[in-house]
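The primary structure of each chain is shown beneath.
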Amino acid sequence: MIKNNEKKISLLHPLGLILFILRTLLVWFKRHSIPILLVTIIFSASMIVLWPKISVNLKAGEIGVIFRPLSGGVDTSNLASEGINFKYPWNSIVIYNTQVQKHEIKIEIITKDLLKSIVTLSFQYEINRDTAPLLHRYVGEKYLDKVIIPTVVSTARGQISSFTSEKAFSDEIFKLGKEITVQADTGIINNISPPGTSAIRLIKISQIEIIDIQFPPDVQKSIEEKITQRSKLEAY
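First, a word on scope: everything that follows refers to the structure included in this document. Only a predicted model underlies this, so the values are computations on that prediction, with no experimental measurement involved.

1. So, helix α7 (residues 177–191)
With 15 residues, α7 extends 21 Å from end C-alpha to end C-alpha; this agrees with the ideal 21 Å at 1.5 Å per step. Residues G177, I180, T181, A184, D185, G187, I188 and I189 constitute the buried set of α7. Tucked into the core, α7 has its buried residues touching α5 (143–160) and β8 (203–214).

Laid out in structure tokens, this is it:
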């Protein structure tokens, strides 16, 4: 009787109550240690397997277009932002870079006097963050190869092909960059606006520059000689 009373009194003390709870939990864990261990192993294995399917980590400057195959496809209202994003395993998040990117290409262009030249172009481009879902739906991830490069190439060819080889070899060729930029950027807006819309910007092209233009060695030597002779004549 005295022992029971002492036990009741000890339980009323905060420290005694804590010790009682800990002892009870310890006894419970000992009795159920195997099931707890099995559940822990199964849960940990499930997280390792499912983690890549339920989470996507976006770096600085990246956004994610959400695709929901069971509820309408591309989500045009919501975007995944930088950091860790959680999703259902059956949904997918396609990552797009919103930073300004630079690309360089070499293209073959026939001049006005029908001579072949190799022109090196560089340009900057970036996607419109707000219209990224529309870009994904109507163009896709390979927008650089499908839209930007063809537009830049066709615009540059149209401008440079109006130059003779001698004029193309002068400094005037390098002044075309601004005009090519404006035409290419306008062409992007006009050519890839989603159906039923007009003048929606999905991609921006900026700073197209003509870095270099090369002709076959014999042609280039001939052009250089002509320019040198003309300079001498003008000096007199």
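2. Let's talk about the packing of aromatic side chains
The relation between two aromatic rings is expressed through the spacing of the ring centres and the mutual angle of the planes. Evaluation of the coordinates by the stated rule reveals 4 aromatic pairs. On the numbers, 6.2 Å between centres and 20° between planes, the contact of Y96 with Y143 is stacked. Of this pair, Y96 sits in strand β5 (residues 92–97) while Y143 sits in helix α5; the two residues are 47 residues apart in sequence, bridging distant segments of the chain. In terms of burial, Y96 and Y143 fall into one category: buried. Ring plane angle 75° and centroid distance 6.3 Å describe the contact between Y125 and Y143, whose orientation is recorded as edge-to-face. With Y125 in strand β7 (residues 116–127) and Y143 in helix α5, this pair connects stretches of sequence that are 18 residues apart. A relative accessible area of 6% means that Y125 is categorised as buried. Overall, Y143 belongs to the buried group, its relative accessible area being 6%. Among the aromatic side chains, those forming a connected cluster through ring pairs are Y96, F123, Y125 and Y143.

3. As for the pattern of salt bridges
Pairing between side chains becomes possible if they bear opposite charge and their charged atoms approach one another. By the definition in use, this model includes 2 salt bridges. Residue R68 is joined to D75 by a salt bridge in which the shortest nitrogen-to-oxygen separation is 3.0 Å. The class for R68 is partly exposed, based on a relative accessible area of 24%. Notably, a salt bridge pairs R201 with D185, separated by 2.9 Å at the nearest N-O pair. With R201 in the loop between α7 and β8 and D185 in helix α7, the pair connects residues that are 16 residues apart, well separated along the chain. The class for R201 is partly exposed, based on a relative accessible area of 27%. Given a relative accessible area of 12%, D185 falls into the buried group.

Thresholds, definitions, all that
- Residues numbered from 1 in each chain as written.
- Predicted model: local features only at pLDDT ≥ 70, side-chain atom pairs only at ≥ 80, totals over all residues.
- Heavy atoms only, no water.
- Helix = DSSP H or I, 4+ residues; strand = E, 2+ residues; numbered from the N terminus.
- Expected span 1.5 Å × (residues − 1).
- Buried < 20%, exposed > 50% of the residue type's maximum accessible area, 1.4 Å probe, protein only.
- Contact = heavy atoms within 4.5 Å.
- Phe/Tyr/Trp six-rings, centres within 6.5 Å; stacked < 30°, edge-to-face > 60°.
- Salt bridge = Lys/Arg side-chain N within 4 Å of Asp/Glu carboxyl O.

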